[in-house]
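Per-entry structural report
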Amino acid sequence: MKKNILNIKGTKDILPNETLVWRYLSDYIHEFFRQHGYKEIINPIFEDTSLFNRSIGKETDIVSKEMYSWTDQGNNNLTLRPEFTASVVRSYIQHQLGKQNALHKLYYLGDAFRRERPQKGRFRQFRQFGIEALGSNFPEQDAEIISIAYKLYHSLKIQNLQLKINSIGSKESRILYKNDLKSYLEKYKSDLTETSRYRLKTNPLRILDTKVDFEKEIIADAPVILDYLNSEDKEHFSYVKDFLKQLNIPYEIDNKLVRGLDYYSKTVFEIHHGSLGGQNALCGGGRYDYLVEELGGPSTPAIGFAAGFERLLMAADSSSFGINSDADIYIISLGKNAIGYSLDLAAKLRSNSNFIVVTDMLQKTMKSQMKDANRMNCKYMLIIGDDEISKNIIQVKNMETGNQESVDLSNLIKYFS
Ligand code: AMP
């Protein structure tokens, strides 16, 4: 027997019973961001590998072990995007968007790829949506970004949201902190995992992110970044918190929150949801004031967030979306002559209304066509056979009331308009 070919581990087929919910949610996200004055940007799904090496950082898990990279026939090193910010910034610089407008508010929705270990809520191809605001270094921009993320979940009636915020300061604030953190962790070096020992050399801040219990105990008493912020960073963070209070957005300070990517500075945040299990982060983001310059553009402050589409779907109650996939009209055709009529009528009804109109394609008996119509929950069943054709009429049955009447074929469109 031939072996069936299956989808690749960590990818997912979105089947017809799920696609309507996906579409609803995608439309919802597009509209939500549009309402906040953000405009969509669509970038290629693959880029030069160096873009991600330079922006996300070589020492991050994503770049060091999770990227889908390959060399193409022209010897180019390419990578399927593991996230969107790098591409947005690349295109912001390339098209000199900063020259056209002091502030750019952009959003995206599309697929990202990471070779992570698949589990509930974690895939190798997944959808991300998010926003990026490039141009403002003011704290109100941070508050707007955080509030858009929070309100999106809130508006979809997702309960038990947990917003965690922190400030990892500007580069200046971090120099001293990094040193002190390093000295503290050096004392426990022999207790640390191999990964953390390596990170101690490359990026000690990342150790704060640890999921290992005994390391969590070690870092519980580690120096706290908030104590190292310079006065400007402190003031910025304090404004962000005040604005969030004014917006009635509940948050908690998590002084261990650093985010996995290298490019963050000052405000960082994540929104978690209790019921998602191990992978409970709905979204995460923060300021990345240095990234545009580091990628060769003009110095441009920026902030954004990235969110997981599948995790939003898991947290939301899709039965409350009010999605209806039922057919409106089912045309039953009896006999070969009626088939052409039913096709023609269906086309006319569709072009004159928003109705979902379906006809039989399997030359089924009247009884099984009726069964189909019932299964599809259609509102009207139309019946046409030789007798009706000769009299130029069609039978129209209202499935809700059970009433059936003959309608002149020439009046049918009007009947439904
Ligand atoms: P990150 O930038 O890694 O924090 O990703 C932002 C958001 O994308 C996360 O909070 C998740 O909701 C989602 N996400 C990240 N990686 C995956 C994955 N492998 N599968 C599904 N969703 C993911």
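What counts and how
Within any chain, residue numbers begin from 1 and follow the written order of that chain's sequence. Only residues with pLDDT of 70 or above have their local features reported here, since the model is predicted, and side-chain atom pairs are shown and tallied only from 80 upward, although totals for entire chains, interfaces and linings are computed over all residues. With hydrogens and water stripped out, all remaining heavy atoms of the structure feed into the side-chain values. Comment: elements are numbered from the N terminus, with helices defined as DSSP H or I runs of at least four residues and strands as E runs of at least two. Here the globule rule is a power law, 2.2 Å times the number of residues to the power 0.38, and the radius of gyration is based on C-alpha atoms. Think of it in three bands: with a 1.4 Å probe and only protein chains considered, a residue is buried below 20% of the maximum accessible area for its type, exposed above 50%, and partly exposed in between. By definition, residues are in contact when any of their heavy atoms lie within 4.5 Å. Under the convention used here, a 1.4 Å probe and the Shrake-Rupley method define accessible areas, while residue burial counts only the protein chains that appear. Charge assignment in this entry is limited to Lys and Arg as positive and Asp and Glu as negative, and neither His nor the chain termini are counted. One atom stands in for each charge, and that atom is NZ of Lys, CZ of Arg, CG of Asp or CD of Glu. In the sections that follow, a salt bridge refers to a side-chain nitrogen of Lys or Arg positioned within 4 Å of a carboxyl oxygen of Asp or Glu. Residues are classed as near a molecule or strand on a simple rule: at least one heavy atom within 4 Å of it. Pairs of N or O atoms are called polar contacts if they sit within 3.5 Å, as long as, within protein, a hydrogen donor faces a hydrogen acceptor (for residues adjacent in sequence, only side-chain-to-side-chain pairs). Charged residues are taken to be Asp, Glu, Lys and Arg, nonpolar residues to be Ala, Val, Leu, Ile, Met, Phe, Trp, Tyr, Cys and Pro, and polar residues to be all remaining types, Gly included. The rule for pairing is simple: two strands pair if DSSP sees at least two bridges between them. An axis is simply a line fitted to the C-alpha atoms; with a helix, the fit covers only the stretch in contact. Between two such axes, the angle follows the N-to-C directions and lies from 0 to 180 degrees.

1. Regarding the overall build of the protein chain
- Counting its secondary structure elements, the protein chain contains 16 helices and 16 strands.
- By the compact-globule yardstick of 22 Å for 417 residues, the protein chain is too spread out, its C-alpha radius of gyration being 28 Å.
- Here the C-alpha coordinates of the protein chain stretch approximately 95 × 60 × 45 Å along the principal axes.
- Every one of the 417 residues in the protein chain was classed for burial, and the buried ones make up 48%.
- Long-range pairs, those at least 24 residues apart, make up 69% of the contacts in the protein chain between residues at least 6 apart in sequence.
- Counting only carbon and sulfur atoms, one obtains 48% of the accessible surface of the protein chain, whose full area is about 21800 Å².
- Taken as two groups, the 55 positive and 53 negative side-chain charges of the protein chain have centres that lie 4 Å from each other.

2. Examining the environment of Leu349
- With respect to the helices, strands and loops of the structure, Leu349 is situated in helix α13 (residues 336–351).
- For Leu349, a relative accessible area of 2% translates into the label buried.
- Along the primary structure Leu349 and Ile413 are separated by 64 residues, whereas in three dimensions their C-alpha atoms are 6.2 Å apart.
- Apart from residues lying up to four places away in sequence, Leu349 is in contact with Ile329, Ile331, Val357, Leu382, Leu412, Ile413 and Phe416.

3. What to know about the pattern of salt bridges
- Scanning the entire structure with this criterion turns up 20 salt bridges.
- With a shortest N-O distance of 3.8 Å, Lys164 and Asp254 are connected by a salt bridge. On the criterion of sequence distance, the pair formed by Lys164 in strand β7 (residues 161–167) and Asp254 in the loop between β8 (252–253) and β9 (265–273) is long-range, its members being 90 residues apart. Accessibility classification places Lys164 together with Asp254 in one group, the buried group.
- Where Asp209 meets Arg206, a salt bridge forms, and the shortest distance between an N and an O atom there is 3.8 Å.
- Three or more residues joined by partner-sharing salt bridges are found here, namely Asp61, Lys65 and Arg199.

4. Topic: the site of the ligand
- The ligand sits among 15 residues. The nearest are Arg114, Glu116, Phe123, Arg259 and Ala281.
- One of the side-chain nitrogen or oxygen atoms of Glu116 is found 2.7 Å away from a nitrogen atom of the ligand.
- Isolated, the ligand exposes 470 Å² of accessible area, and the fraction of that covered by the protein chains is 90%.
- Residue assignment for the shell around the ligand shows that the elements contributing at least two residues are β6 (125–134), β10 (281–287) and β11 (302–308).
- Tallied by class, residues from the shell around the ligand come to seven nonpolar, three polar and five charged.

5. Overview of the environment of Leu205
- Topologically, Leu205 is positioned in the loop between α8 (194–202) and α9 (213–220).
- Under the relative-accessibility criterion, Leu205 is labelled buried at 6%.
- Through-space distance from the C-alpha of Leu205 to that of Leu257 is 9.4 Å; in sequence the pair is 52 residues apart.
- With near-sequence residues (within four places) excluded, Leu205 lies in contact with Arg174, Tyr177, Lys178, Leu181 and Val258.

6. Side note on the side chain of Thr79
- By secondary structure assignment, the location of Thr79 is in strand β4 (residues 77–80).
- Classification of Thr79 as buried rests on a relative accessible area of 0%.
- Every residue in contact with Thr79, bar those within four places of it in the chain, is listed here: Ile45, Phe46, Glu47, Thr49, Phe52, Met67, Tyr68, Ser69 and Trp70.

7. Examining the sheet that holds β4
- One open sheet accounts for three strands, arranged β2-β4-β3; its pairing is antiparallel. The open sheet has two free edges, formed respectively by β2 (46–48) and β3 (69–71), since each of these has just one partner strand. Pairwise comparison of adjacent strand axes, ignoring direction, gives a mean angle of 30 degrees for this sheet.
- Two strands pair when backbone bridges link them, and β2 and β4 are joined in this way by three bridges, in the antiparallel orientation. Pairing of Asp48 across the sheet is with Leu78, part of β4.
- Strands in contact with helix α2 (residues 49–56) are β2, β3 and β4; relative to β2, the strand with the most contacts, it is inclined by about 80 degrees.

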